[in-house]
Amino acid sequence: MASPMSAGSFLDALRAEGVTVVEVGDWAHHNRNHKGPWGPVHGVMIHHTASSGSERTVEICRDGYEALPGPLCHGVITKDGTVHLVGYGRANHAGLGDDDVLRAVIAEKALPPDNEADTDGNRYFYGFECENLGDGHDPWPQAQLDAIEKAAAAVCRHHGWTERSVIGHREWQPGKVDPKGFTMTWLRERIRERLK
(Lines give C-alpha, C1' and ligand atoms only; values in the text may rest on other atoms or scores of the structure.)
Protein backbone atom coordinates (compact mmCIF):
# COMPACT_ATOMS: atom_id res chain seq x y z
CA MET A 1 0.00 0.00 0.00
CA ALA A 2 1.48 3.34 -1.06
CA SER A 3 0.51 6.87 -0.23
CA PRO A 4 0.57 9.24 -3.22
CA MET A 5 3.81 11.17 -3.43
CA SER A 6 3.60 14.91 -2.83
CA ALA A 7 3.17 17.15 -5.87
CA GLY A 8 6.75 18.37 -5.41
CA SER A 9 8.07 14.80 -5.27
CA PHE A 10 6.08 13.92 -8.39
CA LEU A 11 7.63 16.83 -10.26
CA ASP A 12 11.12 15.93 -9.00
CA ALA A 13 10.68 12.25 -9.95
CA LEU A 14 9.66 13.14 -13.51
CA ARG A 15 12.58 15.52 -13.96
CA ALA A 16 15.04 13.03 -12.47
CA GLU A 17 13.91 10.50 -15.10
CA GLY A 18 14.73 13.00 -17.86
CA VAL A 19 11.19 14.14 -18.63
CA THR A 20 10.58 17.64 -20.03
CA VAL A 21 7.85 19.08 -17.80
CA VAL A 22 5.57 22.10 -18.16
CA GLU A 23 3.56 23.17 -15.11
CA VAL A 24 0.07 24.35 -16.12
CA GLY A 25 -1.49 26.88 -13.78
CA ASP A 26 -2.00 25.80 -10.18
CA TRP A 27 -1.76 22.12 -11.18
CA ALA A 28 -0.55 20.97 -7.76
CA HIS A 29 -3.88 21.95 -6.15
CA HIS A 30 -6.22 21.21 -9.07
CA ASN A 31 -8.08 17.95 -8.33
CA ARG A 32 -11.36 16.20 -7.61
CA ASN A 33 -10.54 15.35 -3.98
CA HIS A 34 -13.93 16.68 -2.86
CA LYS A 35 -15.51 13.70 -4.68
CA GLY A 36 -13.60 11.04 -2.77
CA PRO A 37 -10.17 9.97 -1.60
CA TRP A 38 -7.03 9.68 -3.67
CA GLY A 39 -4.90 6.81 -2.48
CA PRO A 40 -3.59 4.43 -1.58
CA VAL A 41 -2.05 4.37 -5.06
CA HIS A 42 -1.21 1.11 -6.76
CA GLY A 43 -0.23 1.92 -10.32
CA VAL A 44 -0.01 4.10 -13.41
CA MET A 45 -2.67 4.19 -16.12
CA ILE A 46 -1.94 5.20 -19.71
CA HIS A 47 -4.61 6.70 -22.00
CA HIS A 48 -4.92 8.34 -25.40
CA THR A 49 -6.90 11.55 -25.65
CA ALA A 50 -8.79 10.99 -28.95
CA SER A 51 -7.91 14.61 -29.75
CA SER A 52 -5.36 16.54 -31.77
CA GLY A 53 -3.54 19.81 -31.25
CA SER A 54 -1.37 20.05 -28.16
CA GLU A 55 -2.77 23.32 -26.78
CA ARG A 56 -6.39 22.21 -27.13
CA THR A 57 -5.61 18.77 -25.72
CA VAL A 58 -3.92 20.19 -22.63
CA GLU A 59 -6.83 22.57 -22.09
CA ILE A 60 -9.41 19.77 -22.32
CA CYS A 61 -7.44 17.55 -19.94
CA ARG A 62 -7.08 20.36 -17.44
CA ASP A 63 -10.64 21.71 -17.55
CA GLY A 64 -12.66 18.71 -18.71
CA TYR A 65 -16.10 19.35 -20.12
CA GLU A 66 -19.67 19.52 -18.87
CA ALA A 67 -20.21 15.77 -18.50
CA LEU A 68 -16.75 15.10 -17.09
CA PRO A 69 -15.06 17.89 -15.10
CA GLY A 70 -11.28 18.18 -15.04
CA PRO A 71 -8.64 17.39 -14.34
CA LEU A 72 -8.84 14.33 -16.59
CA CYS A 73 -5.35 13.13 -15.63
CA HIS A 74 -2.20 14.21 -13.83
CA GLY A 75 -0.03 14.72 -16.88
CA VAL A 76 -0.72 15.22 -20.60
CA ILE A 77 2.03 13.83 -22.84
CA THR A 78 2.00 15.75 -26.12
CA LYS A 79 3.43 14.67 -29.47
CA ASP A 80 6.72 16.47 -28.81
CA GLY A 81 7.35 14.44 -25.66
CA THR A 82 6.53 17.19 -23.17
CA VAL A 83 4.60 16.25 -20.03
CA HIS A 84 2.14 19.02 -19.13
CA LEU A 85 1.11 18.76 -15.48
CA VAL A 86 -2.58 19.70 -15.26
CA GLY A 87 -3.71 18.31 -11.92
CA TYR A 88 -2.65 16.48 -8.82
CA GLY A 89 -4.84 14.39 -6.58
CA ARG A 90 -8.01 12.61 -7.58
CA ALA A 91 -8.58 13.01 -11.33
CA ASN A 92 -11.36 11.85 -13.67
CA HIS A 93 -9.30 9.45 -15.77
CA ALA A 94 -9.75 5.80 -14.80
CA GLY A 95 -13.43 5.52 -13.94
CA LEU A 96 -14.89 2.21 -12.79
CA GLY A 97 -12.88 -0.90 -13.61
CA ASP A 98 -12.27 -4.50 -12.67
CA ASP A 99 -11.38 -5.38 -9.07
CA ASP A 100 -9.55 -8.51 -10.29
CA VAL A 101 -7.31 -6.29 -12.41
CA LEU A 102 -6.60 -4.07 -9.40
CA ARG A 103 -5.62 -7.11 -7.32
CA ALA A 104 -3.26 -8.24 -10.09
CA VAL A 105 -1.67 -4.79 -10.28
CA ILE A 106 -1.17 -4.73 -6.51
CA ALA A 107 0.39 -8.22 -6.63
CA GLU A 108 2.34 -7.27 -9.79
CA LYS A 109 1.08 -10.37 -11.61
CA ALA A 110 -0.23 -10.94 -15.14
CA LEU A 111 -3.53 -9.16 -15.72
CA PRO A 112 -6.78 -11.10 -16.00
CA PRO A 113 -9.36 -10.05 -18.61
CA ASP A 114 -11.29 -6.94 -17.54
CA ASN A 115 -14.88 -8.16 -17.48
CA GLU A 116 -16.57 -5.94 -14.91
CA ALA A 117 -16.62 -2.34 -13.77
CA ASP A 118 -17.05 -2.37 -10.00
CA THR A 119 -14.06 -0.49 -8.59
CA ASP A 120 -13.21 3.24 -8.49
CA GLY A 121 -9.93 3.54 -10.40
CA ASN A 122 -9.65 7.31 -9.91
CA ARG A 123 -8.71 6.58 -6.31
CA TYR A 124 -5.89 4.14 -7.05
CA PHE A 125 -4.03 5.21 -10.20
CA TYR A 126 -1.81 7.98 -11.45
CA GLY A 127 -3.01 8.88 -14.94
CA PHE A 128 -1.25 10.09 -18.08
CA GLU A 129 -3.28 11.16 -21.12
CA CYS A 130 -1.30 10.96 -24.36
CA GLU A 131 -2.16 13.18 -27.32
CA ASN A 132 -3.36 10.88 -30.09
CA LEU A 133 -6.54 10.45 -32.12
CA GLY A 134 -6.63 6.79 -31.12
CA ASP A 135 -7.76 5.71 -34.58
CA GLY A 136 -4.85 3.33 -35.15
CA HIS A 137 -3.45 5.63 -37.87
CA ASP A 138 -2.35 8.72 -35.95
CA PRO A 139 1.41 8.27 -35.44
CA TRP A 140 3.18 8.03 -32.10
CA PRO A 141 6.42 10.05 -32.46
CA GLN A 142 9.51 8.57 -30.83
CA ALA A 143 9.81 11.57 -28.48
CA GLN A 144 6.30 10.93 -27.21
CA LEU A 145 6.84 7.20 -26.71
CA ASP A 146 10.07 7.92 -24.85
CA ALA A 147 8.24 10.38 -22.59
CA ILE A 148 5.46 7.85 -21.84
CA GLU A 149 8.09 5.30 -20.85
CA LYS A 150 10.02 7.79 -18.71
CA ALA A 151 6.94 9.23 -16.97
CA ALA A 152 5.60 5.81 -16.03
CA ALA A 153 9.03 4.60 -14.96
CA ALA A 154 9.52 7.70 -12.79
CA VAL A 155 6.42 6.87 -10.75
CA CYS A 156 7.35 3.19 -10.52
CA ARG A 157 10.90 4.02 -9.43
CA HIS A 158 9.65 6.31 -6.66
CA HIS A 159 7.29 3.68 -5.27
CA GLY A 160 9.56 0.67 -5.85
CA TRP A 161 7.08 -0.84 -8.32
CA THR A 162 7.90 -3.00 -11.34
CA GLU A 163 6.60 -2.49 -14.87
CA ARG A 164 3.58 -4.63 -13.95
CA SER A 165 2.17 -1.62 -12.09
CA VAL A 166 1.64 0.14 -15.44
CA ILE A 167 -1.59 -0.62 -17.29
CA GLY A 168 -3.62 0.73 -20.17
CA HIS A 169 -7.13 2.04 -19.75
CA ARG A 170 -8.25 -0.79 -22.05
CA GLU A 171 -6.91 -3.30 -19.52
CA TRP A 172 -8.92 -1.73 -16.71
CA GLN A 173 -12.38 -0.92 -18.02
CA PRO A 174 -14.42 -3.10 -20.39
CA GLY A 175 -15.13 -1.37 -23.69
CA LYS A 176 -12.16 0.99 -23.58
CA VAL A 177 -9.60 0.80 -26.40
CA ASP A 178 -6.92 3.20 -25.23
CA PRO A 179 -4.10 3.52 -25.72
CA LYS A 180 -4.37 2.37 -29.33
CA GLY A 181 -1.33 2.19 -31.59
CA PHE A 182 1.12 0.26 -29.40
CA THR A 183 0.79 -2.68 -27.04
CA MET A 184 1.03 -2.42 -23.30
CA THR A 185 3.28 -5.50 -23.33
CA TRP A 186 5.75 -3.56 -25.49
CA LEU A 187 5.57 -0.52 -23.20
CA ARG A 188 6.03 -2.61 -20.06
CA GLU A 189 9.10 -4.25 -21.58
CA ARG A 190 10.62 -0.82 -22.19
CA ILE A 191 9.82 0.26 -18.63
CA ARG A 192 11.31 -2.96 -17.25
CA GLU A 193 14.58 -2.26 -19.09
CA ARG A 194 14.63 1.35 -17.86
CA LEU A 195 14.13 0.32 -14.25
CA LYS A 196 17.08 -2.11 -14.24
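Everything discussed here concerns the structure shown above.
Before going into details, it helps to say that this report is about the structure given with it. These numbers were taken from a predicted model, which means no experiment stands behind them.

1. As for the overall build of the protein chain
Phase 1: Each helix and strand counted, the protein chain has 6 helices and 10 strands in total.
Phase 2: Overall, the protein chain is about 35 × 35 × 35 Å in size when its C-alpha atoms are taken along their principal axes.
Phase 3: Looking at the protein chain as a whole, 55% of its 196 residues are labelled buried.
Phase 4: Here the analysis covers contacts within the protein chain between residues at least 6 apart in sequence; of these, 72% occur between residues at least 24 apart.
Phase 5: Accessible surface, the protein chain as shown: approximately 8400 Å² in total, 49% of it carbon and sulfur.
Phase 6: Taking the average location of the 21 positive side-chain charges in the protein chain and that of its 28 negative ones, the two points are 3 Å from each other.

2. Some thoughts on the sheet that holds strand β1 (residues 20-23)
Sheet strands pair via backbone hydrogen bonds, and the direction of the pair is either parallel or antiparallel.
Phase 1: If you trace the 6 strands from one edge of the open sheet to the other, you get β1-β6-β5-β9-β2-β10, paired in mixed fashion. The sheet is open, and its two borders are formed by β1 and β10 (166-168), each paired with just one other strand. Across this sheet, the average inter-strand angle for adjacent strands is 25°, counted without regard to direction.
Phase 2: Inspection of the sheet shows strand β2 (residues 43-48) paired to strand β9 (residues 125-130) by 6 bridges, in the parallel sense. By the bridge assignment, V44 is partnered in β9 with Y126.

Reading the values: rules and limits
Residues numbered from 1 in each chain as written. Predicted model: local features only at pLDDT ≥ 70, side-chain atom pairs only at ≥ 80, totals over all residues. Heavy atoms only, no water. Helix = DSSP H or I, 4+ residues; strand = E, 2+ residues; numbered from the N terminus. Buried < 20%, exposed > 50% of the residue type's maximum accessible area, 1.4 Å probe, protein only. Contact = heavy atoms within 4.5 Å. Areas by Shrake-Rupley, 256 points an atom, 1.4 Å probe, with all protein chains shown as cover. Lys, Arg positive; Asp, Glu negative; His and termini not counted. Charge placed at Lys NZ, Arg CZ, Asp CG, Glu CD. Pairing = 2+ DSSP bridges. Axes fitted to C-alpha atoms, helices over the stretch in contact; angles between N-to-C directions.

Structural measurements only, silent on function.
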